[in-house]
Amino acid sequence: MYVVSGTPSFVFLDPGSAGETRLDTKPGDYIFVPPYVPHREENPDPDQEAVVVIARSTQDAIVVNLPDLATYWRR
């Protein structure tokens, strides 16, 4: 994901500690999310639109909506 504008945050679950890792970004940042890694995107500033460009390594949109990240790792 490439951040075009805004300051979106990307949150990942750290399975080793069961805690969350937050990456706060700014325009020009690039975030790599490996396939099937549960994460969520957030826009902490509702007054500023966050625009990102997403490139996938497959034609299929791999999207699974999870109730929360921790629930996914407990399975």
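You'll find the structure just up there.
Here the structure is a predicted model, which is why all the values come from computation and not from measurement.

### Some details on the layout of surface pockets
Argument step 1. Computed from the structure, the largest pocket encloses a volume of approximately 920 Å³.
Argument step 2. Together, 30 residues line the largest pocket, and Val-33, Val-37, His-39, Arg-56 and Ile-62 are the ones closest to its centre.
Argument step 3. Broken down by element, the lining of the largest pocket gets its largest block of residues, three residues, from strand 4 (residues 39-42).
Argument step 4. Of the residues belonging to the lining of the largest pocket, the class tally is 21 nonpolar, four polar and five charged.

### With respect to the environment of Pro-44
Argument step 1. Along the chain, Pro-44 falls in the loop between strand 4 and strand 5 (51-53).
Argument step 2. Residues Pro-44 and Pro-8, spaced 36 residues apart in sequence, show a C-alpha to C-alpha distance of 6.6 Å.
Argument step 3. If sequence neighbours within four positions are ignored, Pro-44 has contacts with Thr-7, Pro-8 and Ser-9.

Parameters and conventions
Residues numbered from 1 in each chain as written. Predicted model: local features only at pLDDT ≥ 70, side-chain atom pairs only at ≥ 80, totals over all residues. Heavy atoms only, no water. 1 Å grid on protein atoms, 1.4 Å probe; cavity = no way out; pocket = protein on both sides within 12 Å on 5 of 7 lines; lining within 4 Å. Points joined across faces, edges and corners; volume = space filled by probe spheres on them. Helix = DSSP H or I, 4+ residues; strand = E, 2+ residues; numbered from the N terminus. Nonpolar A, V, L, I, M, F, W, Y, C, P; charged D, E, K, R; others polar. Contact = heavy atoms within 4.5 Å.

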